[in-house]
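An overview of the molecular structure
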Amino acid sequence: MKKITAVLIGAGDRGANAYASYAINNPGTIQFIAVAEKNDEKRRHFQEMHHIPDEMAFSSWDDLFAQGRLADAILICTNENYHYEPAKKAMEQGYHILLEKPITQEPVTSVEIGDMAADYDKVFMLCYVLRYTPFFTEIKRVLEEGTIGTLKTIVHCENTGIAHFSHSYVRGMFSKEENAGPMILSKCCHDMDILNWLTESHCVRLSSFSTPTYFSAENAPEGAPLRCTDGCPYSDSCYFYAPKMYSVPRSGFNVDMISIDTSPEGKMKALESGPFGRCVYHCDNDVVDTQVINMKYENGVTVAFSMTAYSEECYRTIKLTGTKGEIEGNLEKNEFVVKDFATGRHDTIQVSTVLDRHSGGDYFIMTDFIKLVREGKTGGRTSTKGAVDSHVMCFAAEKSRKEDREIDLEEYKEELRSEIEK
């Protein structure tokens, strides 16, 4: 099979490490021939890793698109508020597209891109990597075999992990809604998608609640400076003390993400001047740190979803109940138990996976994307058209928690379509 060519827009952690690293680990499948990244250090690092010449490295996607179509495929891995324009231009130039989730950070533009993708004659996939994990693939198989009878309820929990949350959603790029959209979208839109996939139905009504964020100035210890590196008197006792936090590996948390230079000196320099050295109680974050959603599906299934920052480990758990049995599982352990009511039998299913993030999801979505591009097919397990429903659910959940009322999903979709027509 021929090697496909690709360009990358956004050489951050997801673009450079989660997806583009596939080319290095699987030579002969895909080759990155160009990159657009505004950060000089990240762009040069990506060039070196993939042997990209200077004339094919751009500081903006406008400069890249000005060259015309350069490759078979494009991976768009910019921040959420910079998905809309690159996605439209990539379609105009005829690229096969892999778009990092979410589609966009706004409801109307998400629906608009979804509608455009539905009529696009090339691959247009959203990075909903949970569908590609062996864990959820196996659970889906058990459900389809009817092992637990008719599905009745799901309880799904996203335990974000306190280290990961403080890095990404307090100090980092997802800390403000204006930059990355609401927390439930930026972190949990693919949780909504996996629920839709498992239920094989559509959510019709939902309600959502949250609590005020704990990471605010009113909860700062007395005398805590604006930056951890400014002589914090709580350096020995504070879990979030940056020099310590970015030196000790923790669940779901890469301590080297703050700098290309991962030496102790390089990381300390980044903490002294960059956003990750700030005191977590003196940041400008405004996203929620807990949120629950109750959902009713068209086929009668009810779902309770919970997202919390306050867990030591970073993991997802799920429980599905049916008329003949139940399933309980932990994604990070790659294990679930199937319980049969009639026989009392408990079968533990240990799912094997590749050594990759998202329990293999990052690896397998790249495998599928490359296969589809090679074969000249469209669709894929995470088509952007199907992803629109999960986005609408997230935006509806935000509307519900802010307005303190239940939301009818069909009515809400009609509101969004009316906005598009305007």
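Everything numeric in this text was worked out from a predicted model, so none of it was measured.

1. Brief notes about the pattern of salt bridges
Going through the model one piece at a time under the given rule, you end up with 30 salt bridges. As a salt-bridge pair, arginine 316 and aspartate 191 come within 2.6 Å of each other at their nearest N and O atoms. Here arginine 316 is found in strand S11 (residues 315-322), whereas its partner aspartate 191 is found in helix H11 (residues 189-199), with 125 residues between them in sequence. With a relative accessible area of 0%, aspartate 191 lands in the buried category. Lysine 399 is the salt-bridge partner of glutamate 403, the closest N and O atoms lying 3.1 Å from each other. Taken together, the residues glutamate 403 and lysine 399, both in helix H15 (residues 384-403) and four residues apart, mark about one turn of the helix. Several salt bridges converge on common partners, so that one network encompasses Glu158, Lys187, Asp191 and Arg316.

2. Focus: the packing of helix H6 (residues 107-118) against helix H16 (residues 409-421)
Across the interface, H6 lies against H16 with an axial gap of 9 Å and an inter-helix angle of 80°. Viewed along their axes, H6 and H16 adopt a mutual orientation that is roughly perpendicular. Residues Pro107, Val108, Val111, Glu112 and Asp115 of H6 pack against Tyr412, Leu416, Arg417, Glu419 and Ile420 of H16. Of the residues belonging to the contact of H6 with H16, the class tally is six nonpolar, no polar and four charged.

3. Overview of the environment of isoleucine 33
Residue position: isoleucine 33 is located in strand S2 (residues 30-36). Remark: the alpha-carbon pair of isoleucine 33 and isoleucine 52, spanning 19 residues in sequence, is separated by 5.8 Å.

4. A short note on unusual backbone geometry
Each neighbour pair has its own omega, and for lysine 101 with proline 102 the value is -5°, a cis peptide bond. Of note in this structure, asparagine 334 is not a glycine but carries a positive phi near 50°. A positive phi angle, near 55°, is found at aspartate 404, a position not held by glycine. Residue position: aspartate 404 is located in the loop between H15 and strand S15 (407-408).

5. Focus: the pairing of strand S8 (residues 203-210)
Bridge analysis of S8 against strand S9 (residues 290-297) gives seven bridges, and the strand direction is antiparallel. From the neighbouring strand, serine 208 faces S9, where its bridge partner is isoleucine 293. One ladder, built from two bridges, connects S8 with S15; its direction is antiparallel. Of the residues in S15, the one forming a bridge with leucine 206 is isoleucine 407.

6. With respect to the sheet that holds S11
Reading across the sheet, the nine strands line up as S14-S13-S12-S11-S7-S10-S9-S8-S15 and stay open at both edges, with mixed pairing between neighbours. Looking at the sheet topology across the chains shown, the edges are occupied by strand S14 (346-350) and S15. Against the sheet, H11 contacts strand S7 (151-159), S9, strand S10 (302-308) and S11, and its axis sits at roughly 160° relative to S7.

7. Re the UniProt feature "domain: Gfo/Idh/MocA-like oxidoreductase N-terminal" (unreviewed entry) in the protein
As annotated in UniProt, the feature "domain: Gfo/Idh/MocA-like oxidoreductase N-terminal" (unreviewed entry) corresponds to residues 6-126 in the numbering used here. In residues 6-126, the share of helix is 40% and the share of strand is 20%. The end C-alpha atoms are 16 Å apart.

8. Remarks on the packing of aromatic side chains
The relative placement of two aromatic rings is captured by the distance of their centres and the angle of their planes. According to the stated counting rule, one finds 18 aromatic pairs in the structure shown. Pairing tyrosine 120 with phenylalanine 124 gives two aromatic rings, centres 6.3 Å apart and planes at 85°, and the pair type is edge-to-face. Classification of tyrosine 120 as buried rests on a relative accessible area of 13%. Considering the side-chain rings of tyrosine 363 and phenylalanine 364, the 5.1 Å spacing of their centres and the 90° angle between planes classify their relative orientation as edge-to-face. Through successive ring pairs, a cluster of aromatic residues spans Phe165, Tyr169, Phe174, Tyr214, Phe215, Tyr239, Phe240, Tyr281 and Tyr310.

9. Here we look at the packing of helix H7 (residues 134-144) against H11
Where H7 meets H11, the closest approach of the two axes is 10 Å, and the angle between their N-to-C directions is 25°. Of the possible angle classes, the one that applies to H7 and H11 is roughly parallel. Residues Phe136, Thr137, Ile139, Lys140 and Leu143 of H7 form the contact with H11, whose own contacting residues are Ile194, Trp197 and Leu198. Residues that form the contact of H7 with H11 fall into these classes: six nonpolar, one polar and one charged.

10. As for helix H8 (residues 162-171)
Here H8 lies mainly inside the structure; ten of its ten residues are buried. By the burial criterion, the buried members of H8 are Ile162, Ala163, His164, Phe165, Ser166, His167, Ser168, Tyr169, Val170 and Arg171. For H8, the secondary structure elements touched by its buried residues are helix H10 (183-186) and helix H12 (242-245).

11. Focus on the sheet that holds strand S5 (residues 96-99)
Sheet architecture is open: six strands sit in the order S3-S2-S1-S4-S5-S6, paired in parallel fashion. Among the strands making up the open sheet, the edge pair consists of strand S3 (57-58) and strand S6 (124-126). Taken together, the two bridges between S2 and S3 define a ladder with parallel strand orientation. Bridge pairing in S3 links alanine 36 to phenylalanine 58. Against the sheet, helix H14 (residues 361-375) makes contact with strand S1 (4-9), S2, strand S4 (73-76), S5 and S6, and its axis sits at roughly 165° relative to S5, the strand it touches most.

Rules and cut-offs
- Residues numbered from 1 in each chain as written.
- Predicted model: local features only at pLDDT ≥ 70, side-chain atom pairs only at ≥ 80, totals over all residues.
- Heavy atoms only, no water.
- Salt bridge = Lys/Arg side-chain N within 4 Å of Asp/Glu carboxyl O.
- Helix = DSSP H or I, 4+ residues; strand = E, 2+ residues; numbered from the N terminus.
- Buried < 20%, exposed > 50% of the residue type's maximum accessible area, 1.4 Å probe, protein only.
- Axes fitted to C-alpha atoms, helices over the stretch in contact; angles between N-to-C directions.
- Parallel < 35°, antiparallel > 145°, perpendicular 65-115°, else oblique.
- Contact = heavy atoms within 4.5 Å.
- Nonpolar A, V, L, I, M, F, W, Y, C, P; charged D, E, K, R; others polar.
- Pairing = 2+ DSSP bridges.
- UniProt positions renumbered as here; feature names shortened; annotations may be inferred.
- Phe/Tyr/Trp six-rings, centres within 6.5 Å; stacked < 30°, edge-to-face > 60°.

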